[in-house]
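Structure assessment
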Amino acid sequence: MASSWRKLGFVAMLLCLSCSMLIRGQDLSKHLVIENGSKLGFTGGPLAIKLAENSSGGGSTEDSHIVYNSGYRSKGRHGGTLWHGVRAEITVWNILDVQPLSSSGAYIAVINKGAGLEFIAAGIHVNPSLYNDNKVHFFTYWTSTSDYSTGCYNKDCPGFVPADGSNLYPGEPFHPPFSTYEGEQRGITIRIKKDEHTGDWSLYREDLGGPTNGMTLLGWWPATLFKYLSEHAEIIQWTGFVSHNYNETSPSMGSGHYSRELDSRAASFNDCFGFDENGYVYEESYDPDTYVPRPDCYGVSEWYVTKHAARRHFFYGGPAGCSKKK
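So, here's what we can say about the structure.

How each quantity is defined
- Residues numbered from 1 in each chain as written.
- Predicted model: local features only at pLDDT ≥ 70, side-chain atom pairs only at ≥ 80, totals over all residues.
- Heavy atoms only, no water.
- Helix = DSSP H or I, 4+ residues; strand = E, 2+ residues; numbered from the N terminus.
- Polar contact = N/O pair within 3.5 Å; in protein donor to acceptor, adjacent residues only side chain to side chain.
- Salt bridge = Lys/Arg side-chain N within 4 Å of Asp/Glu carboxyl O.
- Buried < 20%, exposed > 50% of the residue type's maximum accessible area, 1.4 Å probe, protein only.
- Pairing = 2+ DSSP bridges.
- Core = buried A, V, L, I, M, F, W, Y, C linked by side-chain atoms within 4.5 Å.
- 1 Å grid on protein atoms, 1.4 Å probe; cavity = no way out; pocket = protein on both sides within 12 Å on 5 of 7 lines; lining within 4 Å.
- Points joined across faces, edges and corners; volume = space filled by probe spheres on them.
- Nonpolar A, V, L, I, M, F, W, Y, C, P; charged D, E, K, R; others polar.
- Phe/Tyr/Trp six-rings, centres within 6.5 Å; stacked < 30°, edge-to-face > 60°.
- Lys NZ or Arg CZ within 6 Å of the ring centre and 35° of its normal.
- Disulfide = S-S within 2.5 Å.

**So, the environment of histidine 125**
With respect to the helices and strands, histidine 125 occurs in strand E5 (residues 118-126). Spatially, the C-alpha atoms of histidine 125 and glycine 105 are 3.8 Å apart, while their sequence positions differ by 20 residues. For histidine 125, the side chain forms a polar contact with the side chain of tyrosine 131, separated by 2.8 Å.

**Thoughts on the environment of asparagine 69**
As for its placement among the helices and strands, asparagine 69 is situated in strand E2 (residues 65-73). Sequence separation of asparagine 69 and arginine 294 is 225 residues, and the distance between their C-alpha atoms is 8.3 Å.

**Some details on the pattern of salt bridges**
Considering all chains together, one arrives at 8 salt bridges under this definition. The closest approach of N and O atoms between aspartate 296 and arginine 294, which form a salt bridge, is 2.8 Å. A network of salt bridges, in which partner residues are shared, links Arg87, Arg191, Glu206, Asp271 and Arg311.

**Structural notes on the pairing of strand E17 (residues 312-317)**
Counting buried residues along E17, 6 of its 6 residues qualify, which places the element largely inside the surrounding structure. Of the two faces of E17, both are covered, the one formed by Arg312, Phe314 and Tyr316 as well as the one formed by His313, Phe315 and Gly317. As paired strands, strand E13 (residues 267-275) and E17 are joined by 3 bridges and run antiparallel to one another. Bridge pairing in E17 links serine 268 to phenylalanine 315. Sheet topology places strand E15 (residues 299-300) next to E17; 2 bridges connect them, and they run antiparallel. Considered in E17, the bridge of glycine 299 is made with glycine 317.

**Quick look at the nonpolar core**
Ranked by internal contacts, the top residues of the largest apolar core, which has 55 residues, are Ile192, Trp238 and Phe269. Counting residues per element, this core draws most heavily on E13, at 5 residues. Ile111, Ala121, Tyr131 and Phe139 belong to the second largest nonpolar core, which has 13 residues in total.

**Quick look at the layout of surface pockets**
Here the largest pocket defines a volume of roughly 310 Å³. As for the largest pocket, its lining consists of 16 residues, of which Phe174, His175, Pro177, Gly187 and Arg205 are closest to the centre. Residue composition of the lining of the largest pocket, by class: 9 nonpolar, 3 polar and 4 charged.

**Digging into the packing of aromatic side chains**
This model, assessed by the stated rule, comprises 17 aromatic pairs. Judged by centre distance (5.2 Å) and plane angle (55 degrees), the rings of tryptophan 238 and tryptophan 303 are tilted. Of the two residues, tryptophan 238 is situated in strand E12 (residues 235-245) and tryptophan 303 in the loop between E15 and strand E16 (304-305); the sequence distance between them amounts to 65 residues. Tryptophan 303 matches tryptophan 238 in its accessibility class, with the two residues each being buried. Grouping aromatic residues by their ring pairs yields a cluster made of Tyr72, Trp238, Phe269, Trp303, Phe314 and Tyr316. The ring centre of phenylalanine 275 lies 5.2 Å from the NZ or CZ of lysine 193, which sits over that ring. One Lys or Arg, arginine 260, reaches over the ring of tyrosine 258 and ends 4.3 Å from the middle of that ring.

**What to know about the state of the cysteines**
Scanning the entire structure with this criterion turns up 2 disulfides. Between the sulfur atoms of cysteine 152 and its disulfide partner cysteine 157 the distance amounts to 2.2 Å. One quick way to see it: the torsion about the S-S bond of cysteine 152 and cysteine 157 is about -90 degrees, and its sign makes the bridge left-handed. Each sulfur in the disulfide pair cysteine 297 and cysteine 322 lies 2.0 Å from the other. On the sign convention where negative means left-handed, the S-S torsion of about 75 degrees between cysteine 297 and cysteine 322 marks this disulfide as right-handed. Taken together, the positions of cysteine 297 in the loop between strand E14 (289-291) and E15 and cysteine 322 in the segment after E17 put the pair 25 residues apart, joining distant regions of the chain.

Here you go:
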């Protein structure tokens, strides 16, 4: 196994949102990697976010790791708005084709570039090398440094503080029933929101109700973990992802069906919204950016705005077996 990320130094920055990611010879099983394209001097461009998990190490092409993302992110400051949170329902599907060095999942995140990179994420994934199984797990992640020398998944390091009475803990697996094709859709609704009194970033679960305005507090990330994110997030994000070793077949993303199949067939993020600097739901037009590096494999639908319960929502994903070459 390759040496840990902390010994590897800073990963080369990516140039564009439409690029996939190739990681060579790095053990990324313990990191959710989000990278900032502006580090290459493209200060006028959007934040280039790429995610990676798992690598067998070694440095050769055969030992490299390939990563694809599909989703939406805010453009940053909307008319002076500085984000104080993000929320969504993520439909949960039982992904059966994730090989030992691959992963597949979805998450929401709050991000601040500042002088480097700080972010918090929470969502679902299948990551055999992290859990030694192929179950769908709830996960959290944070870092406050661009070289990922701080932060971790779940409770693998000090940082995230679980709340008393939580009904879901970081790393905990989900159990059936899951969403089914052309059948009932089952999901988890979570929000990451800055506490307006303490400044900490709180994580709530909404779909099972709870004592806090119909929600359950799962825990929080203390504001003291961060420099810039302690004040606000510049960007909020909703993302589906897969990663796989060069020698493995890419796994399914979402339901394993294309985003164009839409409701009850493709995986979705529903009721997506952010919170403004006063802690209120941001009601104005989001007009978020989409990023789809391999639309032939893993797509994303348009950003739908409707009056029904899902309100702002989109579909994403695709089947396993994406070719290494476009």
